[in-house]
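# Notes for the structure review
Here's the letter readout for the chains.
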Amino acid sequence: MEESLAEHIIGQEAAVSAISCAIRRSRTGVKDPRRPIASLLFVGPTGVGKTEVANVLAAEYFGSKEAMVRLDMSEFYGRHSLKAGWRAASRDGSISQQQKNKLVVEELRKHFRVEFLNRIDEVIIFNQLKKEQLRRIVDIMVKEVFERMKEKMIQLKVTPTIHEQSCRR
Ligand SMILES: Nc1ncnc2c1ncn2[C@@H]1O[C@H](COP(=O)(O)OP(=O)(O)O)[C@@H](O)[C@H]1O
Ligand SMILES: [Mg+2]
């Protein structure tokens, strides 16, 4: 599982390993069979692979992309902004992963009821992506568009400038 996730997900090694561990642990059969395999809360900035991980898990682990059920809760967006805590937690390198986790969990407690948080097996923290990682993701996306265009007999050219701009946030 780690491998198939690592193949698709760039620059989120800690998250991928924590997710794989949590799922593997639950598969050992010690867990209550009436409970979900794992309840994980993905935390992190937008566009860093949280949904993509869920998609890969659905496709590889549950057999089909259709296994993913998505509830759009965007109308709640902003109300539970974790920005302050997140910024502190994502200050790369200055603090350890353990301290990051602690900060994020502290922040979550301010925003979510304990009844909800108690049902979460693990909080998975996704990192902000670095420029080099963004470049690799853009490469993959461009390749996919190329493939699709090729099927339609359309040729596409991506200049380095366009590529560079797509990597900007
Ligand atoms: N870490 C990553 N590895 C590979 N692709 C990624 C990654 N992060 C983002 N992407 C690409 O960007 C798109 C948007 O990312 P997404 O997972 O939806 O972000 P979010 O973290 O907001 O859920 C994905 O469909 C995927 O193509
Ligand atoms: Mg998402």
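Residues numbered from 1 in each chain as written. Chains lettered and ligands numbered in written order. Predicted model: local features only at pLDDT ≥ 70, side-chain atom pairs only at ≥ 80, totals over all residues.

Scanning the protein for helices and strands turns up eight helices and two strands. Element order for the protein, N to C, with α for helix and β for strand: α-α-β-α-α-α-α-β-α-α. Intrachain contacts of the protein at a sequence separation of at least 6 include 62% that bridge at least 24 residues. (Helix = DSSP H or I, 4+ residues; strand = E, 2+ residues; numbered from the N terminus. Contact = placed C-beta atoms within 7 Å.)

Contacts to ligand 1 come from 13 residues, most closely from Ile10, Gly49, Lys50, Thr51 and Glu52. Here the shell around ligand 1 gets three residues from one element, more than from any other, and that element is helix H3 (residues 50–61). (Near = placed C-beta within 6 Å.)

Turning next to the UniProt feature "domain: Clp ATPase C-terminal" (unreviewed entry) in the protein. UniProt records the feature "domain: Clp ATPase C-terminal" (unreviewed entry) for residues 129–163 in the present numbering. Segment residues 129–163 splits into 71% helix and 0% strand. End C-alpha atoms: 16 Å apart. (UniProt positions renumbered as here; feature names shortened; annotations may be inferred.)

Another point: helix H7 (residues 131–151). The end-to-end C-alpha separation of H7 is 31 Å, in line with the 30 Å expected for 21 residues at 1.5 Å each. Counting buried positions over the 21 residues of H7 gives zero, only a small fraction of the element. Directly beyond the C-terminal end of H7, a positive phi value near 60 degrees is found at Met153. (Expected span 1.5 Å × (residues − 1). Buried ≥ 20, exposed ≤ 12 C-beta atoms within 10 Å, placed from the backbone.)

Let us now look at the nonpolar core. Counting residues in each nonpolar core, the largest one holds 18 residues, and the members touching the most others are Ile9, Ala15, Ile19, Val53, Ile124, Ile125 and Phe126. What Ile124 contacts, discounting residues up to four positions off in sequence, is Ala15, Ala18, Ile19, Leu40, Leu41, Phe42 and Val43. (Core = buried A, V, L, I, M, F, W, Y, C linked by C-beta atoms within 7 Å.)

Moving on, we get to the environment of Met68. Mapped onto the secondary structure, Met68 falls in the loop between H3 and helix H4 (83–89). Once the C-alpha coordinates of Met68 and Ala54 are considered, the two residues, 14 residues apart in sequence, prove to be 7.2 Å apart. The contacts of Met68, once residues within four sequence positions are left out, are Ala54, Asn55 and Ala58.

Right, let's get into helix H5 (residues 97–111). Over its 15 residues, H5 extends 21 Å from the first C-alpha to the last, a length consistent with the 21 Å expected when each residue adds 1.5 Å. Residues Lys100, Leu103, Val104 and Glu107 constitute the buried set of H5. One side of H5 carries all its buried residues, which in axial view fall inside an arc of 95 degrees. Away from its buried face, by an angle of more than 90 degrees, H5 presents the exposed residues Gln98, Glu106 and Arg109. (Arc of directions from axis to C-beta.)

Moving on: unusual backbone geometry. Positive phi, normally seen in glycine, also occurs at Met153, with a value near 60 degrees. In this structure, Met153 sits in the loop between H7 and helix H8 (160–166).

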